[in-house]
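One letter stands for each residue in the lines below.
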Amino acid sequence: MEKISLVVPCFNEQEVIEIFHKEILKVQKDMNNVEFEIIFVNDGSSDKTLELMRKLSSNKNVRYISFSRNFGKEAAMYAGLKASTGDYVAIMDADLQDPPALLQEMYEILQTGEYDSVATRRVSRKGEPVIRSFFAKMYYKIINKISKTEITDGARDFRLMTRKMVNSVLELTEYNRFSKGIFSWVGYRTKWLSYENIERAAGTTKWSFFKLFLYSLESIVAFSTLPLSIASIMGILFCFIAFILIALIVVRTLIFGDPTSGWPSMVCIMFFIGGVQLLCTGIIGQYLSKTYLEVKKRPIYIVAETEEDLKNK
Ligand code: UDP
Ligand code: MG
């Protein structure tokens, strides 16, 4: 019998984790030709999430991994994929925004052997603040212009993958992880399913606007080096302009002498060039800081407890 592993990152999800488990049991009943394995990853929750996981792990095929602190959803997904043992692995949010009912369809598509992964994207952003939607749209436009790796607009992390693809994803052990890019980068054949945005079953979103903004910057640094090229191009452009100006000023001085004037324009130019220089240094700093973190080779997450520990107690 084939096995499907479900990786579920959870950060303060006490309101939904049990509802989620119930929904999966329902799906399991309809798909009795496959075995399920649920891996809850507790990403340093401060509420009762861990207690509920311990309780749920008494059920057959329910496992959990608990981090020593909050490492972020990316780390949680990586830990879950690493721990998974199924022939197929799905990543799902705990809040039921990823409809479990789709699993059957996804599984059937993979069974045909035509695809290695079935991914989902939402076609509408209904129920989301207007400003957030606007920035999200802008972000996808920009990242797809400047990165060779395609990042699909509205793509969710919810997808079912074959073992082969999961192993490839695990081979990318980078510290600054951006899964939407990684899934696309490893290649393979992906089928996209679309659905309308579904609101959270309960609880609140764990992503503030600022957190999302930082995440988007991270993804740009991770999957594009264009900002670095822009910095170099700007440098060349300004050198070129400077050469022309020097020539003009020398000629003008030779012809008209040297009356002291042009102080305001001089200050403007200094401010402008200074700003450009700082911007370029900042861009280099972004890449340097990411490189610094990669070079340190710190672990992506630290496990404090798993269901094995509970059993051995
Ligand atoms: N999540 C996580 N660590 C974090 C933030 C979020 O594991 O630091 C999990 C969260 O518990 C949920 C999933 O990631 O299962 C998606 O988060 P959320 O639903 O808050 O995001 P949204 O759907 O609003 O984008
Ligand atoms: Mg959600």
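Read on for an overview of the structure. (Residues numbered from 1 in each chain as written. Chains lettered and ligands numbered in written order. Predicted model: local features only at pLDDT ≥ 70, side-chain atom pairs only at ≥ 80, totals over all residues. Heavy atoms only, no water.)

Taken together, 17 residues lie near ligand 1, and E13, D43, D95, Q97 and K206 sit nearest. Between ligand 1 and P9, the relevant distance is 2.8 Å, taken from an oxygen atom to a main-chain nitrogen or oxygen of the residue. Starting from 530 Å² of accessible surface for ligand 1 in isolation, the protein chains cover 91%. Partitioned by chemical class, the residues of the shell around ligand 1 number five nonpolar, four polar and eight charged. (Near = heavy atom within 4 Å. Polar contact = N/O pair within 3.5 Å; in protein donor to acceptor, adjacent residues only side chain to side chain. Areas by Shrake-Rupley, 256 points an atom, 1.4 Å probe, with all protein chains shown as cover. Nonpolar A, V, L, I, M, F, W, Y, C, P; charged D, E, K, R; others polar.)

Moving on to the pairing of strand β5 (residues 117-122). Within β5, five of the six residues are buried, which leaves the element mostly enclosed by the surrounding structure. In terms of strand pairing, β5 meets strand β6 (residues 155-162) through four bridges, oriented antiparallel. Bridge pairing in β6 links R121 to A155. Here six bridges tie β5 to strand β7 (residues 190-195), and the two strands are oriented parallel to one another. Its bridge partner being in β7, T120 is matched across the sheet by L193. (Buried < 20%, exposed > 50% of the residue type's maximum accessible area, 1.4 Å probe, protein only. Helix = DSSP H or I, 4+ residues; strand = E, 2+ residues; numbered from the N terminus. Pairing = 2+ DSSP bridges.)

With that out of the way, let us pick up the coordination of the magnesium ion (ligand 2). For the magnesium ion (ligand 2), every protein donor is listed as D95 (OD) and Q97 (OE1), and the spread of their distances is 1.9 Å. Judged on exposure class, the residue D95 and its partner Q97 are both buried. (Donors = N, O, S within 2.8 Å, 3.2 Å for Na, K, Ca; no water.)

A full pass over the atoms with the stated rule returns twelve aromatic pairs. When the ring of F135 is compared with that of F209, the centres are 5.5 Å apart and the planes differ by 70 degrees; the resulting orientation is edge-to-face. Note that F135 is positioned in helix α5 (residues 130-146) and F209 in helix α8 (residues 209-223), a separation of 74 residues in sequence. Taken together, the aromatic side chains of F67, F71, Y78 and Y301 make up a single cluster linked through ring pairs. Taking the ring centre of F71 as reference, the NZ or CZ of R69 above it sits at 3.9 Å. The ring of W207 carries the charged tip of K211 above its face, separated from the ring centre by 5.0 Å. (Phe/Tyr/Trp six-rings, centres within 6.5 Å; stacked < 30°, edge-to-face > 60°. Lys NZ or Arg CZ within 6 Å of the ring centre and 35° of its normal.)

Another point: empty space enclosed by the protein. Within this structure, the stated rule accounts for one cavity of 30 Å³ or more. Looking at the largest cavity, its volume works out to about 50 Å³. Surrounding the largest cavity, E74, M77, Y78, L81, V169, R177, S179, I182 and F183 form its lining. Elements represented by at least two residues in the lining of the largest cavity include exactly α3 (73-83) and α7 (179-185). When residues in the lining of the largest cavity are grouped by element, the largest group, four residues, is from α3. (1 Å grid on protein atoms, 1.4 Å probe; cavity = no way out; pocket = protein on both sides within 12 Å on 5 of 7 lines; lining within 4 Å. Points joined across faces, edges and corners; volume = space filled by probe spheres on them.)

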